[in-house]
Amino acid sequence: MCGIVGYTGPREAYPIIIKGLKRLEYRGYDSTGVALQNGGLKVYKKKGKVAELEDSIVGKDLHSNVGIGHTRWATHGEPSDRNAHPHQSSSGRLAMIHNGIIENYNQLKKELINKGYTFSSDTDTEVLLNFIEEIKKNNNCSLEEAVRVALKRVTGAYVILLLDSEDPETIIAARKGSPLVIGVGKGEHFLGSDASPMLEYTKEVVYVNDYELAIVKPDELILKNLGNEKITPYVQKLDIELAAIEKGGYEHFMLKEIFEQPQTIYDCLRGRLDATEGTITMSGIQQYAEQIMNANRIVMVACGTSWHAGLIAEYIFEELCRINVEVEYASEFRYRNPVINKGDVIIAISQSGETADTLVAIENAKAKGAIILGVVNVVGSSIARMSHAGAYTHAGPEIGVASTKAFTAQLAVLTMIALKIGYIKGTIPHKRYMHLLKELQEVPEKVAWTLKHSDNIRALAEKYKDARDFLYLGRGYNFPVALEGALKLKEISYIHAEGYPAAEMKHGPIALVDENLPVVFVATKDSYHEKVISNMQEIKARKGKVISVITEGDDASTALSEDVMIVPEADEILAPMLSAIPLQLLAYYIGVVKGCDVDKPRNLAKSVTVE
Ligand code: M6R
């Protein structure tokens, strides 16, 4: 989320920064900005993509040898000119860009407001910058020292780059939890969220570690920890092509996004879930807790993969909150003249936040008095703005057309909402609540484990790539996962696939089963497991090829399966976040071995803004 670039040296900084930002646009493109040292600080910023900023400043004097640039994926404050980075401090002396989230920014903001500060944006970045300026002023210290003191007070994640108009050759940088690479040239230095902005100038780079601070001048790079001790920079030689680094070294965005899931789920839980204290902090949901708790029904409205997340949430909400839940295709719901009573709660689920059917469906429901909650990935998107409240999924920009990391992040958010409401309502016993919180916190690790144990899936793709059809089966929480697995395979590999509740199979689809049909069971250990084993027997008896997603060590399922994909043990409510992963990989690898364009499958678009 957010791309950052910096340069200090003898070259013109602006073209280096602009080119670098274009390469980092995959990280977000809500707004763009640059700050240049040019006889004082010159800041240009604009809502929209890098090209839009470029067009808007044609003809300006952009000469400078030192500058910083930012492409934003909005978190705090909607995408707008005023929320765009760089931000300037109250005095105008400092300019800063930031990637990350300052979790305690509200507390810091209150302190600054009490001291008379005012703010011109909604960002946590502007708060941190003024906090740094205040420390510098109060302690009469160097900027470097002020940054160090400030960062000791900060919780959250950041990479920051700072310019000081009174020290025009220097860039101060620091990181915790977000990436920062410094390129070392001859009498010049480059900074970036990844190495792509500097690749044609130098292959020598330093990867800055958490809690390190860099003082970067044209011919000097000083690295320190937050205790002011010097660290010798470890210079590494890059051996990568430009095209590869844009996808973070992955062959496709889809694969990169599948492998990002331990981090994206972690990001989604971070700052919200506290398994020790037993709390879930979601201010938007808190605001409507009473209405959600007392709602006669909740309607999940979504399309595609997001609709599958809604189906899983139906099981979770009914179990934990004892509220009647319906799950609707937005495209049907919007035209069906549904009965909506005042106080009905609609949860709109959408990665892009721009899906036209979902948007109109909630618009109609809102007009009839429903409360609209958004579970959306793209900050400031239309669905987010149309909703009364909600919770962002914080999965970062999803570029591959097939939704992967957004799906698991939606599940994480919906689970947190259900836990929060169920607990307030008293429908989840305390012990179970605490157990689920602890298990939820462990999900990122378990997803990482699943990915580590997925090596065999490429071989499975080779083995099954020529199948004409696939059947995906699951029960309970894993039934929608079967639907999602089938959708992934269809859109990426163009193989026909159907998802069914495993028990429903005998009412029709079983007629399809013969020795040529791969049948993928989502069969993790849960309360339905024995019944799923019986369904496997039924397929095997008809010579179908059983491929199963199983819990590690499940010998009974292994014995009945031709091939297995394993996930670690987890509570059945949380299992879909794990069992979805091997199915994403299976679809991905089958698409790849069939030579399909997995990032841009035919006839599809990332965001469906037409009905
Ligand atoms: O942006 P949204 O979540 O609203 O998009 C909904 C669907 O268009 C989307 O999930 C689509 O089905 C994906 N291509 C699935 O991978």
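Definitions and cut-offs
Per chain, the residues get numbers from 1 upward, laid out in the order the sequence is written. In keeping with the model being predicted, local features are shown solely for residues with a pLDDT of at least 70 and side-chain atom pairs are shown and tallied solely at 80 or more, while totals for entire chains, interfaces and linings include all residues. To obtain the side-chain values, all non-hydrogen atoms of the structure were used and water was disregarded. Runs of E in the DSSP output that reach at least two residues are strands. Runs of H or I that reach at least four are helices, and both are numbered from the N terminus. C-alpha atoms define the radius of gyration in this analysis, and the globule rule sets the expected value at 2.2 Å times the number of residues to the power 0.38. Classification of residues uses two cut-offs on accessible area relative to the type maximum, computed with a 1.4 Å probe and protein chains only: under 20% is buried, over 50% is exposed, and between them is partly exposed. Any two residues whose heavy atoms approach within 4.5 Å are treated as being in contact. Per-residue and other accessible areas were derived by the Shrake-Rupley procedure at a 1.4 Å probe size, with only the shown protein chains allowed to occlude residues. We count Lys and Arg on the positive side and Asp and Glu on the negative side, and we leave His and both chain ends out. To locate a charge, the coordinates of NZ of Lys, CZ of Arg, CG of Asp or CD of Glu are taken. Working definition of a nonpolar core: buried Ala, Val, Leu, Ile, Met, Phe, Trp, Tyr and Cys residues. They are joined through side-chain atoms within 4.5 Å. Just so you know, the domain bounds were taken from an automatic or database domain assignment. The arc in question is the one traced by the directions running from the helix axis out to the C-beta atoms. A molecule or strand has a residue near it when one of that residue's heavy atoms lies within 4 Å. Two N or O atoms count as a polar contact when they lie within 3.5 Å, although within protein this holds only if one can serve as hydrogen donor and the other as acceptor, and sequence-adjacent residues are included solely when both atoms are side-chain atoms. When residue character is reported, Ala, Val, Leu, Ile, Met, Phe, Trp, Tyr, Cys and Pro are called nonpolar, Asp, Glu, Lys and Arg charged, and the others, Gly included, polar. Any two strands with at least two DSSP bridges between them are considered paired. Axis lines are fitted through C-alpha atoms, for helices just across the contact stretch, and the angle between N-to-C directions can take any value from 0 to 180 degrees. By salt bridge we mean one thing: a side-chain nitrogen of Lys or Arg within 4 Å of a carboxyl oxygen of Asp or Glu. Patches draw on residues past 30% relative accessible area with no salt bridge. Two like charges within 9 Å are joined, as are two nonpolar side chains (Val, Leu, Ile, Met, Phe, Trp, Tyr) within 5 Å. Under the pairing criterion, centres of Phe, Tyr and Trp rings, with the six-membered ring standing for Trp, must be within 6.5 Å; the plane angle then separates stacked pairs below 30 degrees from edge-to-face pairs above 60, leaving the rest tilted. Definition used: whenever NZ (Lys) or CZ (Arg) falls within 6 Å of the ring centre and also within 35 degrees of the ring normal, the charge is taken to sit over that ring.

(A) Region of interest: the overall build of the protein chain. Along its length, the protein chain carries 21 helices and 27 strands. Rg of the C-alpha trace for the protein chain: 26 Å, near the compact-globule value of 25 Å for 611 residues, within the 12% margin. If one aligns the C-alpha atoms of the protein chain with their principal axes, the spans along those axes are about 80 × 55 × 45 Å. Split into buried and exposed, the 611 residues of the protein chain put 61% on the buried side. Pairs at least 24 residues apart make up 71% of the contacts formed inside the protein chain by residues separated by at least 6 positions. Carbon together with sulfur atoms contributes 48% to the accessible area of the protein chain, which is approximately 23600 Å² in total. Distance from the positive charge centre (68 side chains) to the negative charge centre (79 side chains) of the protein chain: 2 Å.

(B) View of the nonpolar core. Met300, Phe317, Ile347, Phe470 and Tyr472 are the most contacted members of the largest nonpolar core, which has 97 residues in total. When residues of this core are assigned to their parent elements, the largest contribution, twelve residues, is made by helix H21 (residues 576-593). Each of two domains, domain 2 (249-441) and domain 3 (454-598), supplies a minimum of three residues to this core. When residues no more than four places from it in sequence are discounted, the contact partners of Ile347 are Ile298, Val299, Met300, Val301, Phe317, Leu373, Val375 and Leu414. Ile102, Tyr105, Ile132 and Val147 belong to the second-largest nonpolar core, a separate cluster that totals 29 residues.

(C) Representation of helix H17 (residues 457-464) in the model. Inspection of H17 places Ile457, Leu460, Ala461 and Tyr464 among the buried residues, and these make up the whole buried set. Along the axis of H17, the buried residues cluster in a sector spanning 105 degrees; they form a single face.

(D) The arrangement of the site of the ligand in detail. Close contacts around the ligand come from 14 residues, with Ser306, Ser350, Ser352, Thr355 and Glu491 the closest. Contacts to the ligand include Ser352, whose side-chain N or O atom sits 2.6 Å from an oxygen atom. Here an oxygen atom of the ligand and a side-chain polar atom of Thr355 are 2.4 Å apart. If the ligand stood free it would expose 410 Å²; the protein chains cover 91% of that surface. Elements with a contribution of two residues or more to the shell around the ligand: helix H11 (304-321) and helix H18 (478-493). Partitioned by chemical class, the residues of the shell around the ligand number four nonpolar, eight polar and two charged.

(E) Representation of the sheet that holds strand E7 (residues 156-164) within the structure. Taken together, seven strands build an open sheet; the order of strands is E5-E6-E7-E8-E12-E13-E14 and the sheet is antiparallel. On the outer flanks of this sheet lie strand E5 (87-88) and strand E14 (230-231), each paired with one strand and no other. As paired strands, E7 and strand E8 (residues 171-176) are joined by five bridges and run antiparallel to one another. By the bridge assignment, Val159 is partnered in E8 with Arg175. Across the sheet, helix H4 (residues 124-139) touches E5, strand E6 (94-102) and E7, and the angle it forms with E6 is around 125 degrees.

(F) The pattern of salt bridges, seen in detail. In the structure shown here, the tally under the stated rule is 32 salt bridges. The salt bridge partner of Lys237 is Glu204, with a shortest N-O separation of 3.6 Å. Highlighted residues: Lys237 in strand E15 (residues 235-237) and Glu204 in strand E11 (residues 204-207), separated in sequence by 33 residues. A residue is classified by how much of its surface remains accessible, and Glu204, at 34% relative accessible area, is partly exposed. What emerges from the salt-bridge pattern is a single network uniting Glu144, Glu145, Arg148 and Lys224.

(G) Summary view of a negative patch on the surface. Side chains of Asp167, Glu169, Asp219 and Glu220 sit close together on the surface and give a patch of like negative charge. Structurally, Asp219 can be placed in the loop between strand E12 (212-217) and strand E13 (220-225).

(H) Structural detail: the sheet that holds strand E26 (residues 545-551). The five strands are arranged E24-E23-E25-E26-E27 in an open sheet whose pairing can be described as parallel. At either margin of the open sheet sits one strand with a lone partner, and together these are strand E24 (496-501) and strand E27 (563-567). Pairs of neighbouring strands in the sheet enclose a mean axial angle of 20 degrees, with direction left out of account. Across five bridges, the pairing between strand E25 (residues 518-522) and E26 is parallel. Each residue of the ladder has a partner; that of Val519, found in E26, is Val546. Taken strand by strand, helix H19 (residues 529-541) contacts strand E23 (469-474), E25 and E26, and its axis lies near 175 degrees from that of E25. H21 rests against E23, E25, E26 and E27 of the sheet, and its axis sits at about 130 degrees to E27.

(I) Expanded view of the packing of aromatic side chains. The full count for this structure, using the stated rule, is eight aromatic pairs. Centroid distance Trp307 to Tyr329: 3.8 Å. Interplanar angle 15 degrees. Geometry classified as stacked. Residue Trp307 is located in helix H11, and its partner Tyr329 is located in strand E19 (residues 324-329); the two are separated by 22 residues in the primary sequence. Looking at Trp307, the relative accessible area reads 10%, which means it is buried. Seen in terms of ring centroids, Tyr588 and Tyr589 are 5.1 Å apart; in terms of plane orientation they differ by 70 degrees. Their pairing is edge-to-face. By the burial criterion, Tyr588 is buried, and Tyr589 matches it. Seen from the ring of Phe119, Lys109 lies directly overhead, with NZ or CZ sitting 5.1 Å from the centre. It is Arg602 that lies over the ring of Tyr494; its NZ or CZ is 3.8 Å from the centre.

(J) Summary view of the side chain of Thr8. Along the chain, Thr8 falls in strand E1 (residues 3-8). Reaching out from Thr8, the side chain makes a polar contact with the backbone oxygen of Glu169 at a distance of 2.8 Å. The contacts of Thr8, once residues within four sequence positions are left out, are Asn65, Val66, Glu169, Ile171, Glu188, His189, Val216, Lys217 and Pro218.

(K) Highlighting the domain arrangement of the protein chain. According to the domain assignment, the protein chain contains domain 1 (3-243), domain 2 (249-441) and domain 3 (454-598). For domain 1 and domain 2, the distance between their C-alpha centres works out to 33 Å. In this assembly, twelve residues from domain 1 lie in contact with 13 residues from domain 2. Counting the contacts that link domain 1 with domain 2 gives one salt bridge.

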